[in-house]
Amino acid sequence: MVDINLQNIECQSIFKNKDLLKWAIGKKCLREGFQTRTSRSTKSRYEVVCVSKNCSWLLKAKGIKNSSRLFQVNKFVDVHTCFSTILQPNNRRANKYFLGEYLVDVLAEDYSTVYRGKDIINDMNAQLNINISYHQAWRAKQYALLLLRGTKEDSFTKLPTYFHNLVKHNPGTVTHIQTYGDDRFEFLYVALGCSILGHGFFQKLRDCISNMEELTIISDRSPSIATSVANIFPHTHHGICGVHLYFNVVGRYRKSKTVKGIFLVACRAYTVDVFDAAMELMKRQKNRTKCEVKKGAQNVIVDFQQMTCTSRHWQLDGIPCGHVIRALTVNNYQDYSKFALNAYYTETLTKTYEESVNPLPKPSEWEIPDNLMIFKTPIMDKRQPGSPRNTDRIPSQGEGPIRKECSTCGQEGHTRKNCSGRASGSGAHRTRISTTETTFNIGASANCSQTYDADFDIKQS
């Protein structure tokens, strides 16, 4: 609901300029439900009367001498002798500028509020007793948003100050503004400190120990750590922690003591020959981790070493498909979650968002340094007159146009609405045949893909 709190105009009231005086009169008209007309307007005087003839309401103001723009109300008769108290539904003051002022407070309370045009119309009618159209409500809302957010040019101007305070309240954050030509904005780059925490750790580590020769870094198989080590310590040997790998083996081959034992032998090998021999044994065990799942004429191979299934459901979804679950059930596996991607675990999701982003204070409280970057805003052309250009998707290279086909007669070049064969009914029989064939094909395809509900034949290989 719009909250209307306006200051009353009184005799001897002083305004900074004539525009603010006119603004106050317009708000009073909207609040009290009457209209005015200007009887005199010069650089030093402004007089308005009630729109109804022979009404006593009037306001006279003049510029104060020896001042640049100040205006003072020297006569104000705030009494109506007409029937202006009978509210007129369409008020000439109900434009986007005055209505937008009322909407600012509502939109500023909660940016997530969906303030529809219908709600604005109802609020204006309830509080001001005026009727406005949907377009008036829409324009008032757009003007209110402009007052809150500013123009696009203002937003670009505030970017350097915003980046400075973003780095101040979020240590480790990296920002960059790229310009071209005559220092005109081209693009920007932002990386929050919490998002590059791992990379920032290795950056600080290099500052402490420098790029030492024969340095070895041991970690788990995290891709972000591997990328950071490769970029910051390019000449360093990056090894994988054997303990982490061992627990991965335990999780994947829980029932196989042989695989776990061979892995420990490989980890503790002091010579290349012992290591190669252990790895050869691992390869032999790898061939025993494949299962063949049969259902009728369909055969799929489930490889637990590579975590693949020839149906490709496991690889693409990251969750064990029906073939994998059936093979695990035959092998007395109870916990199927071990064969899902780590991205599906609650711990992974929690760890992804464990770092926080610190909010910035109000813009009025931002720190403004003296050496801020100055650049020109990008060229933003105004919308050209006429109908807007076609916004359909641009076809990719080698993609042909989509040909329209009539669903009645099956011919190309027209649609069902303008088909000449509709009246004769010649296309009705074709439609029924086409529908029957399509239904049969879809049903057959669905019948073939539903292989998980039937019994499986498992063959170990």
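Since this is a predicted model, take the numbers as computed values, not measurements.

Q: An account of the sheet that holds strand β2 (residues 36-41) is needed here, citing residue identities and associated values.
A: Spatial ordering of the open sheet is given by β1-β5-β4-β3-β2, a layout of five strands whose pairing is antiparallel. In this open sheet, the two strands that pair with only one neighbour each are β1 (14-15) and β2. Bridge count between strand β3 (residues 45-50) and strand β4 (residues 58-63): five bridges; the pairing is antiparallel. Among the inter-strand pairings, valine 49 is bridged to a residue of β4, identified as leucine 58. Those strands touched by helix α1 (residues 18-32) are β1, β2, β3, β4 and β5 (71-77), and its axis lies near 10° from that of β3.

Q: Explain the packing of helix α3 (residues 117-128) against helix α4 (residues 134-149) to me, using residue names and the numbers behind them.
A: Contact pair α3 / α4: the axes reach a minimum separation of 9 Å and the direction vectors enclose 100°. Judged on the interaxial angle alone, α4 and α3 are roughly perpendicular. The residues of α4 that touch α3, namely those facing Gly117, Lys118, Ile120 and Ile121, are Tyr134, Ala137 and Lys141. Here the residues of the contact of α3 with α4 sort into four nonpolar, one polar and two charged.

Q: A description of the packing of α1 against helix α2 (residues 96-109) should follow, citing residues and the corresponding values.
A: One way to put it is that α1 packs onto α2 with a least axis distance of 10 Å and a crossing angle of 75°. The angle between α1 and α2 places the two elements in the roughly perpendicular class. Contact residues: α1 offers Lys22, Trp23, Gly26, Lys27 and Leu30, while α2 offers Tyr97, Phe98, Leu99, Glu101 and Tyr102. Looking at the contact of α1 with α2 residue by residue, the classes come out as six nonpolar, one polar and three charged.

Q: Account for the nonpolar core, naming residues and giving values.
A: Ranked by size, the top nonpolar core spans 19 residues in total, and within it Leu30, Leu99, Met124, Ile130 and Ile132 carry the most contacts. Sorting the residues of this core by element identifies α2, α3 and α4 as the ones contributing at least two each. When residues of this core are assigned to their parent elements, the largest contribution, seven residues, is made by α2. Every residue in contact with leucine 30, bar those within four places of it in the chain, is listed here: Asn91, Arg93, Ala94, Phe98, Leu99, Tyr102, Leu128 and Ile130. Of all hydrophobic cores here, the second largest spans 18 residues; its members include Ile25, Trp57, Ala61 and Phe76.

Q: Got a sec to walk through α3? Specific residues and values, please.
A: The terminal C-alpha atoms of α3, which comprises 12 residues, lie 16 Å apart, in line with the 16 Å expected from a rise of 1.5 Å per residue. Along α3, the positions that sit buried rather than exposed are Gly117, Ile120, Asp123, Met124 and Leu128. The buried residues of α3 occupy an angular sector of 120° when the element is viewed end-on, so they sit on one face. Those residues of α3 hidden inside the fold are in contact with α1, α2 and α4.

Q: Let's hear about the pairing of strand β8 (residues 216-219): which residues, and what values?
A: Covered by surrounding structure in β8 are Ile217 and Ser219 only, the residues Thr216 and Ile218 on the alternate face being uncovered. Relative to strand β9 (residues 237-240), β8 runs parallel, the two sharing four bridges. Paired with serine 219 across the bridge in β9 is isoleucine 240. Each parallel crossover has a hand, and the one from β8 via helix α7 (residues 223-232) to β9 is right-handed.

Q: Could you give me a rundown of the side chain of aspartate 123, with the residues and numbers involved?
A: Tracing the chain through its elements places aspartate 123 in helix α3. There is no salt bridge for the buried aspartate 123, and the closest opposite charge comes from lysine 141, which lies 11 Å off by N-O distance. Polar contacts involving the side chain of aspartate 123 include one to the side chain of tyrosine 115, which spans 2.4 Å.

Q: Could you give me a rundown of the environment of valine 49, with the residues and numbers involved?
A: Relative to the helices and strands, valine 49 is located in strand β3. Its relative accessible area of 18% is what places valine 49 among the buried residues. If we ignore the near neighbours within four places in the chain, the residues touching valine 49 are Thr36, Arg37, Ser39, Trp57 and Leu58.

Q: How would you explain the pairing of strand β11 (residues 298-303) if you had to name every residue and give the values?
A: Across six bridges, the pairing between strand β10 (residues 290-295) and β11 is antiparallel. Counterpart to glutamate 292 in the pairing with β11 is isoleucine 301. The hairpin formed by β10 and β11 contains two residues between the paired strands, and glycine 296 there has a positive phi angle of roughly 65°. With two bridges connecting them, β11 and strand β12 (residues 308-309) associate as antiparallel partners. Paired with valine 302 across the strands is cysteine 309, a residue of β12.

About the cut-offs
- Residues numbered from 1 in each chain as written.
- Predicted model: local features only at pLDDT ≥ 70, side-chain atom pairs only at ≥ 80, totals over all residues.
- Heavy atoms only, no water.
- Pairing = 2+ DSSP bridges.
- Helix = DSSP H or I, 4+ residues; strand = E, 2+ residues; numbered from the N terminus.
- Contact = heavy atoms within 4.5 Å.
- Axes fitted to C-alpha atoms, helices over the stretch in contact; angles between N-to-C directions.
- Parallel < 35°, antiparallel > 145°, perpendicular 65-115°, else oblique.
- Nonpolar A, V, L, I, M, F, W, Y, C, P; charged D, E, K, R; others polar.
- Core = buried A, V, L, I, M, F, W, Y, C linked by side-chain atoms within 4.5 Å.
- Buried < 20%, exposed > 50% of the residue type's maximum accessible area, 1.4 Å probe, protein only.
- Expected span 1.5 Å × (residues − 1).
- Arc of directions from axis to C-beta.
- Right-handed = clockwise from strand over helix to strand, strands pointing away.
- Lys, Arg positive; Asp, Glu negative; His and termini not counted.
- Salt bridge = Lys/Arg side-chain N within 4 Å of Asp/Glu carboxyl O.
- Polar contact = N/O pair within 3.5 Å; in protein donor to acceptor, adjacent residues only side chain to side chain.

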